[in-house]
Amino acid sequence: QVHLVESGGGLVQAGDSLRLACAASTRSFSNYVIGWFRQAPGKEREFVAVIMWSGGTTHYADSVKGRFTISRDNAENMAYLQMNSLKPEDTAVYYCAADPSPLSNGDPDEYTYWGQGTQVTVSS
């Protein structure tokens, strides 16, 4: 079992930055791929970024590439999403998710464990 808790969301203006954190309660954090997803009202949950077990490989959705950075600290059981140059269209609930080996990194159905989400609201 992996319990995930996100934090760091809030209300910001366009162009601002936020850093989301995902705390995991597991002794084998490095055994899990960590993904960040988001869901806006009335829309499906969508992939944002993923980081592999050791942190050496990352992938991003085209919509956030160059603005967001995913990272992890396996010693601290933490994952992060640094979000820069935020846009109103980034407004959503952001979730971190974990799975030992998702078949498709961008498919939320492939992730076993989820946090409760943190709201990010970007005003124009």
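Summary of the structure given here.

Reading guide: rules and limits
- Residues numbered from 1 in each chain as written.
- Predicted model: local features only at pLDDT ≥ 70, side-chain atom pairs only at ≥ 80, totals over all residues.
- Heavy atoms only, no water.
- Core = buried A, V, L, I, M, F, W, Y, C linked by side-chain atoms within 4.5 Å.
- Buried < 20%, exposed > 50% of the residue type's maximum accessible area, 1.4 Å probe, protein only.
- Helix = DSSP H or I, 4+ residues; strand = E, 2+ residues; numbered from the N terminus.
- Contact = heavy atoms within 4.5 Å.
- Pairing = 2+ DSSP bridges.
- Phe/Tyr/Trp six-rings, centres within 6.5 Å; stacked < 30°, edge-to-face > 60°.
- Lys NZ or Arg CZ within 6 Å of the ring centre and 35° of its normal.

1. Looking at the nonpolar core
Among the nonpolar cores identified, the biggest contains 37 residues, and L4, W36, V48, F68, L81, M83 and Y94 are the most heavily contacted of them. Of all elements in the fold, only strand 3 (18-25), strand 4 (33-39), strand 5 (46-51), strand 7 (68-73), strand 8 (78-83), strand 9 (92-99) and strand 11 (118-123) reach the threshold of two or more residues within this core. Leaving out residues up to four positions away in the same chain, M83 has contacts with D16, S17, L18, L20, R67, F68, Y94 and V120.

2. Considerations on the pairing of strand 4
Of all seven residues in strand 4, six are buried; the element is thus mostly enclosed. Note that strand 4 and strand 9 share seven bridges and pair antiparallel. Note that in strand 9 the partner of Q39 across the bridge is V93. The pairing of strand 4 with strand 5 spans five bridges and is classified as antiparallel. In the sheet register, W36 faces strand 5, and the bridge partner there is A49. Taking the residues that link successive antiparallel strands as the turn, the strand 4-strand 5 hairpin has six residues, and the phi of G42 there is positive, at about 75°.

3. What about the packing of aromatic side chains?
Taken as a whole and judged by the stated rule, the model has six aromatic pairs. Judged by centre distance (5.1 Å) and plane angle (50°), the rings of F37 and W114 are tilted. Of this pair, F37 sits in strand 4 while W114 sits in strand 10 (residues 113-114), and the two are 77 residues apart along the sequence. For F37, a relative accessible area of 0% puts it in the buried group. Measuring from centroid to centroid gives 6.2 Å for Y95 and W114, while their planes differ by 75°, and the two rings are edge-to-face. One end of the pair, Y95, is in strand 9; the other, W114, is in strand 10, with 19 residues separating them in the sequence. Under the relative-accessibility criterion, W114 is labelled partly exposed at 25%. Here the aromatic residues F37, F47, Y95, Y111 and W114 are joined through ring pairs into a cluster of three or more. Cation over ring: R45 sits above Y95, and NZ or CZ is 3.9 Å from the ring centre.

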